[in-house]
Amino acid sequence: MADARFDLVVRGGTVITPGHREVADIGVRDGRIAQLGGEMTGDEELDARGLLVIPGGIDAHVHLVCAALAAAFGGQEPIWVDDFWTGSLAAIAGGITTVGNMTFALDGETMTDAIAREMSGAAAEAAVDWFLHPVLAGLGDGTAAEIAALAADGHASLKVFLSNPEFAAGTPGLADAIAAAGRAGALTLVHCEDAGMLAHAGHELIESGRGAVRNFPDSRPVSAEVEAVEQAIALSRQTGAPVYIVHLSSAAALERCRDARAAGVPVYVETRPLYLHLTRERFAEPDAAKYVGAPPLRDQPDRDALWRGLAAGDIDTVCSDHAPWTLADKLDPALTVVTARQGVADLETLRPMLFSEGVVTGRITLDRFVELTSANAARRFGLHPRKGVIAVGSDADLALWDPGERRTIDGARMRSRAGYSPYDGWAVQGWPRHVLRRGQVLLSEGVSRAQPGQGQWLRRPAALP
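What you are looking at is a predicted structure, and each value in this text was computed from that prediction instead of being measured.

A. Spotlight on the sheet that holds strand β8 (residues 129–134). Reading across the sheet, the three strands line up as β6-β7-β8 and stay open at both edges, with parallel pairing between neighbours. Of all the strands in the sheet, the pair left with one neighbour each is β6 (57–62) and β8. Adjacent strand axes in the sheet meet at a mean angle of 20° when their direction is disregarded. Bridge count for β6 against strand β7 (residues 96–103) is four bridges, and the pairing is parallel. Residue Gly57 lies in a different strand from β7, and its bridge partner there is Ile96.

B. Highlighting the environment of Gly138. You can see Gly138 is positioned in the loop between β8 and α4 (143–152). Through-space distance from the C-alpha of Gly138 to that of Ala105 is 9.7 Å; in sequence the pair is 33 residues apart. Among all residues touching Gly138, those that are not within four sequence positions of it are Thr143 and Phe167.

C. Main features of the packing of helix α3 (residues 111–125) against α4. Viewed as axis vectors pointing N to C, α3 and α4 meet at an angle of 30°, and their least axial separation amounts to 10 Å. Classified by the angle between their axes, α3 and α4 sit roughly parallel to one another. Only Glu146, Ile147 and Leu150 of α4 make contact with α3, whose side of the interface consists of Met111, Thr112 and Ile115. Of the residues in the contact of α3 with α4, the class split is four nonpolar, one polar and one charged.

D. Representation of α4. All of the buried residues along α4 are Thr143, Glu146, Ile147, Leu150 and Ala151. Buried positions in α4, seen along its axis, are confined to an arc of 135° and lie on one side of it. In α4, the exposed positions that point more than 90 degrees away from the buried face belong to Ala145 and Ala152. For α4, the elements touching its buried residues are α3, β8, β9 (157–161) and α5 (174–183). A positive phi of about 105° marks Gly154, the residue just after α4.

E. Here's a closer look at the packing of aromatic side chains. For the coordinates displayed, the defined rule picks out 11 aromatic pairs. Aromatic side chains Phe355 and Trp401 sit 5.7 Å apart centroid to centroid with 50° between the ring planes, which places their arrangement in the tilted category. Remark: Trp401 occurs in strand β14 (residues 398–408) and Phe355 occurs in helix α13 (residues 350–359); sequence separation between them is 46 residues. For Phe355, a relative accessible area of 4% corresponds to the buried category. Judged by relative accessible area, which is 0%, Trp401 ranks as buried. Each ring, one from Tyr423 and one from Trp426, has its centre 6.0 Å from the other, and the planes form 75°; the classification is edge-to-face. Take Tyr423 and Trp426: they sit in the same class, and that class is buried. In textbook terms, an aromatic cluster arises when at least three aromatic residues are bridged by ring pairs, as seen for Trp80, Phe104, Phe161 and Trp325. The lysine or arginine in question, Arg363, covers the ring of Trp307, its NZ or CZ lying 4.6 Å from the ring centre.

F. Representation of the pairing of strand β3 (residues 32–36) within the structure. Across four bridges, the pairing between strand β2 (residues 20–29) and β3 is antiparallel. Bridge assignment links Arg29 to a residue of β3, and that residue is Arg32. Linking β2 back to β3 in an antiparallel pair, the connection comprises two residues, with Asp30 at a positive phi of about 55°.

Criteria and thresholds
Residue indices follow the written sequence of each chain, beginning from 1 at its first position. Selection of residues for local features in this predicted model requires a pLDDT of at least 70, selection of side-chain atom pairs for listing and counting requires 80 or more, and totals for whole chains, interfaces and linings are taken over all residues. No hydrogens and no water enter the side-chain calculation; it runs on all heavy atoms of the structure. One requirement defines pairing of two strands: DSSP has to find at least two bridges between them. Strands are runs of DSSP state E lasting at least two residues, helices are runs of H or I lasting at least four, and both sets are numbered from the N terminus onward. Comment: axis = line fitted to C-alpha atoms, over the contacting stretch for helices; angle = value between 0 and 180 degrees taken between N-to-C directions. Here, residues are in contact when the closest pair of their heavy atoms is within 4.5 Å. When describing relative orientation, an angle under 35 degrees is termed roughly parallel and one over 145 degrees roughly antiparallel, while 65 to 115 degrees is termed roughly perpendicular and anything else oblique. Amino acid classes used here: Ala, Val, Leu, Ile, Met, Phe, Trp, Tyr, Cys and Pro are nonpolar; Asp, Glu, Lys and Arg are charged; the rest, including Gly, are polar. Between buried and exposed lies partly exposed: a residue is buried under 20% and exposed over 50% of the maximum accessible area for its type, with that area taken using a 1.4 Å probe on protein chains only. It is the directions from the helix axis to the C-beta atoms that the arc portrays. Each aromatic pair joins two rings of Phe, Tyr and Trp (for Trp, the six-membered one) with centres within 6.5 Å, and gets the label stacked for planes under 30 degrees apart, edge-to-face for over 60, and tilted for any other angle. Put simply, a charge is over a ring when the Lys NZ or the Arg CZ is close to the ring centre, within 6 Å, and near the line of the ring normal, within 35 degrees.

All quantities given are derived from atomic positions and should not be read as evidence of function.
So, in structure tokens, the structure goes:
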């Protein structure tokens, strides 16, 4: 019998999906995995011997800026520096092939307007596949209907900031909006810091002469995160709608989520790399402002608890919250604990650092690494089995991973326009050698083949995760 012929064959890699691994060839046809193992011939072939073949990463929490949004600021104030093109390059370099972007409405826009604007901008720029999270823009008579319509159009999620006084827990209409998301089959993402407690802490620091950015961790205390996590859990319990806690940072907040899950409340948990690799001691450094993110860096016991949570399954995903600024903008001496610019570049380093600090050290298994950076996000956000798994019929999103390759982090040489990394100087083991998105080789031996506009928007079904 003649060999089956494919567009691409990936030869001899160790194929990893949670719960299963084998050395097998992969045949790709029309952008999808068409065969695993057996005889096959490819028009193009990639040698994966000695490499791990893992699903392309899914970073469900990024902040990329389309040209239209950047133009709206008119150059009058700094804004995050990566668009869907440079963000794609950073993602690909780190083995990520799908991103989920937070979509904010400008003044005068509805959520629907904002989604339409960003759909156009991302389609022109993105090289990775992408989906959008509408950010709650207001509470009114039409909010529930708008949430339902967006979900029916394939945008089956909603982002809510409890750190925003307009949407603090208990605000009339907030529970109705989250309930509407649940009825529409949309997952509500919740930024958990209590708005009132943040305002009080920031005011106290400024008034007491401790407004310098080095005191930023005190302006957003663990108690504010815990209070808002409890509010999010209460909203989920009240409405029956699932909630997804973004960038959880502390042991106490994780304990609240663990208890709620044990009681059957549909609560999912995300953390981000900052809290796994750095602690608040960094704020004693002269350039402390470059580490600012919200919530802020926590203490070593919190870091330890998060690593335990990753291993135990208490945390579902690790996402970057990629929101990069230039170093000059971060270190602006006019900034205070209240105005400090939040966010760092982390798309390119997310997977390599988690592999190096997690898998290589034995903190987490390789299966958990794949779950945390791909498989679980695919399930939570309605992308499974198209994404997040290596299986016949799934998109051929693959990272051919060299588990022994060592590099030293140098943000100035990375793809983000930030020009620096909060991990500059770290020695990291484990990097992608080749990256494929829907069967197309986007990165090979450090050389990018990606082009703007090659990414596809991913319609997500309105169905609870």
